[in-house]
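Chain and residue survey
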Amino acid sequence: MKVCESVALCLFILIYNSSSPGVTAFQLKTIYCTIAESCDCDFKPDVQGLEWDLYKNLYGQHLAQDIVSEAVVGFVQKESPKVPLVLSFHGASGTGKTLVSSMLGRHLFGAAMSSPYIHQFVPTLHFPQLDRVQEYRSALKRWVEGNLTACARSIFIFDEMEMMPPGVIDVLVPFLGPSHVVFQTNYRKAIYIFISTAGEEVINKVTLEKRQAGKEREDIQLGDLEASLAQAVFDNKNSGFFQSRIISEKLITWYVPFLPLSRRHVERCARRELCQRGECQRRDVMEAVGNSLTYTAGNDQLFSNTGCKSVPAKVNLFL
Ligand SMILES: Nc1ncnc2c1ncn2[C@@H]1O[C@H](COP(=O)(O)OP(=O)(O)O)[C@@H](O)[C@H]1O
Ligand SMILES: [Mg+2]
């Protein structure tokens, strides 16, 4: 029988045996992970569960379904990825961006969003003041570094990027490229998800044009949107990505467009809500919810202004 499997394990046993009682299990694990470069924390990717959830519970978003499944499945199966996975979700409010980010948390760590390895940032809460950019930059850098040392497979979610003061997010540039391996910590295993409404005009315009040209929604391809979406986000003064090097240096692996939802999608959201309450058969309520929302896009009134966001409240009202 081997006494020690590897140098890293021996060192770990040595540290473990000689450590003072004040050293926590978490700190020990961190030391071991740093030495072994092989710690994946509670990372238990359930690839099939993720694909099924996206397919079954996300309506009207064929691009997000395809891109997220393919990108994430490919990434988590690599033992040593060359670059981290950087996804940027764009689209109007209530189209499923936050929903997909929580699906990822649930299926990658098996522990909803409460996993200690999933870190969510909300600018209005964590970075509220425009004049404190330098301070936020140093804090964010330290925070990301510390968390990656504890768990190379961490997920960082930056929601509401349109509220982020410009300049803060570029402190992440060194982490997002291929070269960052510091003191044996592999920074290439992390997943970064940026979420914003920036670029929604571009997505809505392309979706409307396809529709007016008599094409199916599913005919829209990422190539129809990607370049103009990146440019719109880069140029948008009211977005955390304004003139960001993350965009100009092409550090985003995938842009993920969320298309505007039309009435039939909103009604599916209403039906799901009704079924969860044991009222699947209430077609009248489903239609009342569909009727009560406001829709825009030219004169055709095609897309719901709030996506599926206000559906639960409307169901309460009409049930
Ligand atoms: N495409 C969608 N498919 C199914 N449900 C959706 C979709 N978009 C939004 N919803 C529902 O509406 C709620 C709000 O969506 P959310 O993901 O928070 O929107 P946002 O894009 O603004 O982040 C979700 O909890 C979900 O129930
Ligand atoms: Mg959201």
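Rules used in this analysis
- Residues numbered from 1 in each chain as written.
- Chains lettered and ligands numbered in written order.
- Predicted model: local features only at pLDDT ≥ 70, side-chain atom pairs only at ≥ 80, totals over all residues.
- Near = placed C-beta within 6 Å.
- Helix = DSSP H or I, 4+ residues; strand = E, 2+ residues; numbered from the N terminus.
- Nonpolar A, V, L, I, M, F, W, Y, C, P; charged D, E, K, R; others polar.
- Domains from an automatic or database assignment.
- Pairing = 2+ DSSP bridges.
- Axes fitted to C-alpha atoms, helices over the stretch in contact; angles between N-to-C directions.
- Contact = placed C-beta atoms within 7 Å.
- UniProt positions renumbered as here; feature names shortened; annotations may be inferred.

**Here we look at the site of ligand 1**
Taken together, 15 residues sit near ligand 1, with Gly96, Lys97, Thr98, Leu99 and Cys308 positioned nearest. When residues of the shell around ligand 1 are assigned to their parent elements, the largest contribution, 3 residues, is made by helix α5 (residues 97-109). Here the residues of the shell around ligand 1 sort into 5 nonpolar, 8 polar and 2 charged. Looking at the shell around ligand 1, you find at least three residues from each of domain 2 (47-258) and domain 3 (263-318).

**Some words on the sheet that holds strand β3 (residues 155-158)**
Spatially, the 5 strands line up as an open sheet ordered β2-β3-β6-β1-β7, and their pairing is parallel. Each end of this open sheet is capped by a strand with a single partner; those strands are β2 (118-121) and β7 (254-258). Each strand axis lies, on average, 15 degrees off the axis of its neighbour in the sheet, ignoring direction. Across the face of the sheet, helix α4 (residues 62-76) comes into contact with β1 (85-91) and β7 while running at roughly 150 degrees to β7. The strands that helix α10 (residues 226-235) touches are β1 and β7; relative to β7, the one it contacts most, it runs at about 90 degrees.

**Regarding the UniProt feature "binding site: ATP" (unreviewed entry) in the protein chain**
Following the UniProt record, one finds the feature "binding site: ATP" (unreviewed entry) at Gly91, Ala92, Ser93, Gly94, Thr95, Gly96, Lys97 and Thr98. Summarising the element assignment, glycine 91 is placed in strand β1. With residues up to four places along the chain from it excluded, the contact list for glycine 91 reads Lys97, Thr197, Glu200, Ile203, Pro257, Phe258 and Leu259. In this structure, lysine 97 sits in helix α5. Contacts of lysine 97, omitting those with residues within four sequence positions, involve Phe89, Gly91, Ile195 and Phe258.

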